[in-house]
Amino acid sequence: MSERKQKLVAALAELGLGEQPQSLINGVLCDGAGVDIQLVDPFTEEVLLSYFDADAALANAACDAAQDAQKTWVREFSAAARGQVMQDISRAVLAHAEPLATIEAIVAGKPIRDCRIEVAKVAEMFAYYAGWADKLHGEVIPVPSGHLNYTQREPLGVVFQITPWNAPIFTAGWQIAPAIATGNGVVIKPSELTPITTVALVKIAESGGLPAGLVNVLCGLGPTTGQAAIAHAAVRKMVFVGSPETGRQVAIAAASALKPAVLELGGKSANIVFEDANLEHACLGAQAAIFSGAGQSCVAGSRLLLHRSIHERLIDMLSSGMNKIQLGDPLDDATEVGPISNARQFEHVRQMLIEANDEGADVLSRNAADGQGYFVPPTILKGLANTANAAQKEIFGPVVTAIPFDDEAEAIALANATDFGLAGAVWTADVSRAHRVAEAVRAGTFWINSYKAIHVSSPFGGSLSSGFGRSSGTDALMEYTSAKSVWLDSAPTPRIAFGYVS
Ligand code: NAD
């Protein structure tokens, strides 16, 4: 067994997990019965582990378990007690941070320093929503008829969440915490390529007091396991995080069963730099926007819009900065950027670079030795129009397309000339212009002289091909509940305008 696999197996054992990834249903680890799925280390290309697709039988069992446990969660736990359990989960996650980060680093190929931050953020998510558990209440509405009319926010029942491979435990915490804080049961299907930390998170949550079956994890494929769970009668809402192509299929399946969906999809975000910006800060922001996480971030600043007067200068700064980035083993504390997370994505990024070259891009790539692992060097594409494929399609790799503009109106027009509407940023010293641009660019999240700042207390989501609905903050509380309006008539005789008494 390789040294890396030994580290992985040791981390799994520390969390009470075996070598074969298993689904977690009603508190019990279960083997799937579908096709064989292999997990490959993106740094060494070694097959690490394999397991069987959960398939429809486990998907149905997971939905049934969530349906039963949800009733216990709302009937036998007060709202304050639910919040207390979530505080305990937050502490339990922190107590297991190192094995969680190690597994994520090996299986997803993310630098361990990023994994540690993401695990800490998961603990923060449970603590944040713990505070909301007993503070979500309705209102009394002064209706003109004189009835006492009040509203209640009710849980939906069972929600089914599907997540991608780029930030597995972060995305799991991001969706599970608000769902259970509002009284729902959950079935979650992480990417088949990175399922383990989601199972581990829920197991840790159960050790922190979460009732077995309230959150169930399905390890398996989308078209089999995922579609079976979408179709299950207990599932009342879909929350999907992933690509626009799959998001469309999920939304169609949900809509055909008249189930609502939240879609958190991709982006092609514009990072706009004006000539009056602090260029050193803008350069740091541009690097973080596209090279951190090897560009595998939905909010990546993949289109760098530069005022023509600083276009060449900022590209030079970015290019010399990218040569200093520490590429390497995700398990190494010093690594800033690791490999692309899996073979399929690696091929996609390389194909996009070939296309960009064919489209006439001037390709500035950092030197990187050919060797093992799915590494793509940080790359800047120059000389392409905003209409080029590389400027319009999501690359989801450390590749930025730099495009010049002449004035504010052109910068805004270019920023909005995309099918997406997820995020964006502007760098300028002019406060009025900053606000004008923030208002004019179509984006669910927008930064001024910053990039990638996010927090569980602030809403997140997109429009058009970036999806619809919102996660995080109080918006997520609304997504995971529905309003009930209750009318009480206190008049001596009912205020009913029609009817007969025999
Ligand atoms: P993907 O769409 O290939 O897969 C996402 C999930 O969908 C996986 O769990 C997969 O198993 C499942 N799936 C696949 N086919 C399915 C089907 N037919 N039915 C049901 N489920 C199915 O995405 P990916 O490659 O894992 O992730 C990368 C994408 O995710 C990028 O587009 C990125 O921008 C997006 N993303 C968006 C956000 C956001 O919050 N907006 C966050 C992270 C990633």
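Up top is the structure.
Since the structure is predicted, the reported quantities are computational estimates derived from the model, not experimental observations.

*Asks:* Please clarify how the pairing of strand S3 (residues 36-40) should be interpreted in this entry.
*Replies:* The side chains of a regular strand alternate between both faces of the sheet. Burial of S3 is one-sided: the residues Ile37 and Leu39 facing one way are buried, the residues Asp36, Gln38 and Val40 facing the other way are not. By the bridge criterion, five bridges tie S3 to strand S4 (residues 47-52) in an arrangement that is antiparallel. The residue bridging Ile37 from the neighbouring strand is Tyr51, located in S4. Hairpin remark: S3 followed by S4, antiparallel, with six residues in the connecting loop; positive phi at Glu45, about 65°.

*Asks:* Teacher, can you tell me more about the nonpolar core here?
*Replies:* Side chains that are nonpolar tend, in soluble globular proteins, to be buried together. Val93, Phe126, Ile176, Ile180 and Val273 are the most contacted members of the largest nonpolar core, which has 112 residues in total. Once residues within four sequence positions are removed from consideration, Val93 is found in contact with Leu100, Val119, Val122, Ala123, Leu201 and Ile204. Judged by nonpolar contacts, the second largest core, of 28 residues, contains Ala54, Ala62, Phe240 and Ala253.

*Asks:* What's the story with the sheet that holds strand S14 (residues 362-365) in this structure? I'm lost.
*Replies:* Either a parallel or an antiparallel arrangement is found when strands of a sheet pair, and the pairing is made through backbone hydrogen bonds. The mixed open sheet is built from seven strands, whose spatial order is S14-S15-S16-S13-S12-S17-S18. A strand with exactly one partner marks an edge of an open sheet, and here the two such strands are S14 and strand S18 (445-448). Within the sheet, the average angular offset between the axes of one strand and its neighbour, ignoring direction, is 20°. Here strand S17 (residues 423-427) pairs with S18 via four bridges, running parallel. Looking at S18, one finds that Val426 is bridged to Ile448. Lying over the sheet, helix H11 (residues 311-322) contacts strand S12 (270-273), strand S13 (303-307), S14, strand S15 (379-382) and strand S16 (399-405), oriented at roughly 160° with respect to S15. Running over the sheet, helix H15 (residues 431-440) touches S12, S17 and S18 and is turned about 165° from S18.

Quick notes on the rules
Residues numbered from 1 in each chain as written. Predicted model: local features only at pLDDT ≥ 70, side-chain atom pairs only at ≥ 80, totals over all residues. Heavy atoms only, no water. Buried < 20%, exposed > 50% of the residue type's maximum accessible area, 1.4 Å probe, protein only. Helix = DSSP H or I, 4+ residues; strand = E, 2+ residues; numbered from the N terminus. Pairing = 2+ DSSP bridges. Core = buried A, V, L, I, M, F, W, Y, C linked by side-chain atoms within 4.5 Å. Contact = heavy atoms within 4.5 Å. Axes fitted to C-alpha atoms, helices over the stretch in contact; angles between N-to-C directions.

Geometry only, nothing functional implied.
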